[in-house]
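Observations on the model geometry
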Amino acid sequence: MFYFLTTYSNLHFLYQFQYFDKNNLQTTDNELVSIIKIGRLNSDSGADFQDARVFIGDVEWAGSVEVHLKSSDWDIHKHQNDASYQNVILHLVWEDDKPILRKDGTKIPTLTLCERADKNLLRKYQSMMETNAEMPCQNQFREVDDIKKLLMLDKVLMKRLEEKSVIINQFLKENKHDWEETAYQVLAKNFGFKLNAEPFLSLAKNLPLKILQKHRDNLPQIEALIFGVSGFLSNEKNDLKTWDEYRLNLRKEFQFLSAKYQLQDKILGQHEWKYLRLRPANFPTVRLAQFARLIHENANLFSVLIHLENVKSFAKILKVKQSDYWMEHYVFGKKSEGTVPTLGDASVENIVINTVVPLLVSYANQKDNREYLEKAIRLLEELPAEQNNITKHWQSMGFPIKSAFDSQASIEWFNNFCLAKKCLSCGVGVEILKR
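Residues numbered from 1 in each chain as written. Predicted model: local features only at pLDDT ≥ 70, side-chain atom pairs only at ≥ 80, totals over all residues. Heavy atoms only, no water.

**Details of the overall build of the protein chain**
Within the protein chain, the regular secondary structure consists of 17 helices and eight strands. Whereas a compact globule of 435 residues would reach a radius of gyration of roughly 22 Å, the protein chain reaches 29 Å, over 25% beyond that. Its C-alpha atoms give the protein chain principal-axis dimensions of about 90 × 50 × 40 Å. Out of the 435 residues belonging to the protein chain, those deemed buried represent 51%. For the protein chain, restricting intrachain contacts to residue pairs at least 6 apart in sequence, the fraction spanning at least 24 positions comes to 61%. By element, 49% of the accessible surface of the protein chain is carried by carbon and sulfur atoms, the whole surface being about 21500 Å². Between the centroid of the 57 positive side chains of the protein chain and the centroid of its 56 negative side chains there is a distance of 4 Å. (Helix = DSSP H or I, 4+ residues; strand = E, 2+ residues; numbered from the N terminus. Rg over C-alpha atoms; globule rule 2.2 N^0.38 Å. Buried < 20%, exposed > 50% of the residue type's maximum accessible area, 1.4 Å probe, protein only. Contact = heavy atoms within 4.5 Å. Areas by Shrake-Rupley, 256 points an atom, 1.4 Å probe, with all protein chains shown as cover. Lys, Arg positive; Asp, Glu negative; His and termini not counted. Charge placed at Lys NZ, Arg CZ, Asp CG, Glu CD.)

Encoded structure:
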């Protein structure tokens with residue numbers, strides 16, 4: 001019966017793409033079946049395919065289609081007690097081993113596929129699912145037309161942008177729809193990059209932008225607030241005698257400001273900041289100094305970021321020159337041998353990709369204004385492609401990765417389709433299986 005080839009996923013594949021013999025299609029009770037609309041694949045609770053339309057005999061039914069390997073799986077999964085399964089109009093199975101009844105006692109029409117499926121097709125699909133390769137289709141990928149690949153690239157990029165937009169929306173909700181505060185927090189998290197993203201975000205949440213805006217014309221006070229809440233002005237080691245004048249002045253300023261804004265319980269521990277394997281230019285102290293200068297020069301961050309038109313404009317805004325002290329110090333009290341660099345091109349590109357673009361997409365959705373979405377996509381097309389193991393893997397298969405649009409899409413494609421083996425949701429995977 002080739003049951004060993006069949007899985008729940010296989011049956012989804014067969015039904016979703018109608019890869020079975022539909023000639024004289026009948027239920028197990030010998031009623032003629034005609035599938036008018038397969039329905040919408042359901043990723044939430046409830047039956048597998050929603051809003052289907054099926055003729056059974058002379059009657060047209062509208063409802064859901066449930067897929068199982070065996071009919072008895074219906075009872076095993078306790079669907080008989082679940083109200084969300086009571087509108088199932090067709091039970092699609094590989095093997096019918098038991099009549100299945102609705103809660104009201106009526107029998108659910110059952111359609112078996114064991115004698116109607118193309119066994120070679122199932123073998124092909126099974127082979128893709130069982131491969132040890134990172135990409136199930138990597139040996140056949142070059143054979144697929146470029147247009148299919150580009151269509152999939154567009155699809156996965158939009159999926160990635162929407163996922164990032166959801167994260168922005170969560171920040172927005174927490175901030176009671178304050179876009180400025182949201183942009184400030186998202187940018188802060190990104191300023192920490194991977195290693196210090198969380199302490200940077202904690203800093204932004206503990207030190208609201210509204211407080212910093214009150215001192216927008218005074219950089220030393222902004223630095224005092226940022227370094228103070230970050231924990232770098234706390235005398236954890238009782239070593240004030242070793243502190244230089246700059247740090248002592250910041251500490252004195254912060255003692256006054258922290259009392260004024262009741263920040264004493266908001267101060268982070270210095271141990272929360274990571275230095276391991278970071279180049280000095282990426283030390284959290286340097287990034288905090290650059291962040292302070294950025295706030296000083298652009299107190300209304302969201303308004304600035306949302307209206308800039310190209311990457312050069314963003315680079316001009318983000319490549320701020322930190323204060324004089326931090327142009328010659330990587331850490332407190334130890335003068336550097338050379339000038340400390342400002343934010344580099346790669347860091348600017350990272351911020352545009354992970355802060356500006358998601359903000360634009362979220363704002364476009366909130367305001368129902370496609371212009372902001374188009375700007376987000378335009379920025380990705382303008383930025384150079386990211387270089388990592390994933391993009392190199394695509395390039396090794398002859399797929400060009402030319403811009404951040406391509407690299408962002410290829411990362412989403414690889415992580416959430418290839419590694420997860422969601423070939424049935426991938427245009428390229430379906431094309432290979434159809435051959």
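**Overview of the packing of aromatic side chains**
Scanning all chains against the criterion turns up 30 aromatic pairs. When the ring of Trp326 is compared with that of Phe332, the centres are 4.9 Å apart and the planes differ by 80°; the resulting orientation is edge-to-face. We note that Trp326, like Phe332, is buried. Each member of the aromatic cluster is reached from another via a ring pair, and the members are Tyr184, Phe191, Phe200, Phe227, Phe232, Tyr246, Trp273, Phe291, Tyr325, Trp326 and Phe332. Here the basic side chain of Lys22 rests over the ring of Phe20, its NZ or CZ set 5.2 Å away from the ring centre. Here the guanidinium or amino end of Arg247 rests over the ring plane of Phe332, the centre of that ring lying 4.5 Å away. (Phe/Tyr/Trp six-rings, centres within 6.5 Å; stacked < 30°, edge-to-face > 60°. Lys NZ or Arg CZ within 6 Å of the ring centre and 35° of its normal.)

**Some details on empty space enclosed by the protein**
Empty space left among the atoms is revealed by rolling a probe the size of a water molecule over them. Taken as a whole, this structure holds one cavity of 30 Å³ or more when the rule is applied. Volume-wise, the largest cavity comes out at about 80 Å³. As for the largest cavity, its lining consists of 13 residues, and the residues nearest its centre are Cys137, Trp413, Cys418, Cys423 and Cys426. Elements with a minimum of two residues in the lining of the largest cavity: α16 (404-418) and α17 (427-434). A per-element tally of the lining of the largest cavity places α16 first, with three residues. The class makeup of the residues in the lining of the largest cavity is 11 nonpolar, one polar and one charged. (1 Å grid on protein atoms, 1.4 Å probe; cavity = no way out; pocket = protein on both sides within 12 Å on 5 of 7 lines; lining within 4 Å. Points joined across faces, edges and corners; volume = space filled by probe spheres on them. Nonpolar A, V, L, I, M, F, W, Y, C, P; charged D, E, K, R; others polar.)

**Digging into the confidence of the model for the protein chain**
Of all residues in the protein chain, 98% attain a pLDDT of 70 or more, and the chain-wide mean is 91. Here residues 1-5 is a poorly scored stretch, pLDDT under 50, and it has 14 contacts once near neighbours within four places are set aside; other chains count. (pLDDT = per-residue confidence, 0-100.)

**Details of the side chain of Asn175**
Its place among the elements puts Asn175 in the loop between α4 (146-174) and α5 (179-191). Among the residues examined, Asn175 registers a relative accessible area of 14% and is labelled buried. Aside from chain neighbours lying at most four places away, what touches Asn175 is Glu181, Thr182 and Gln185.

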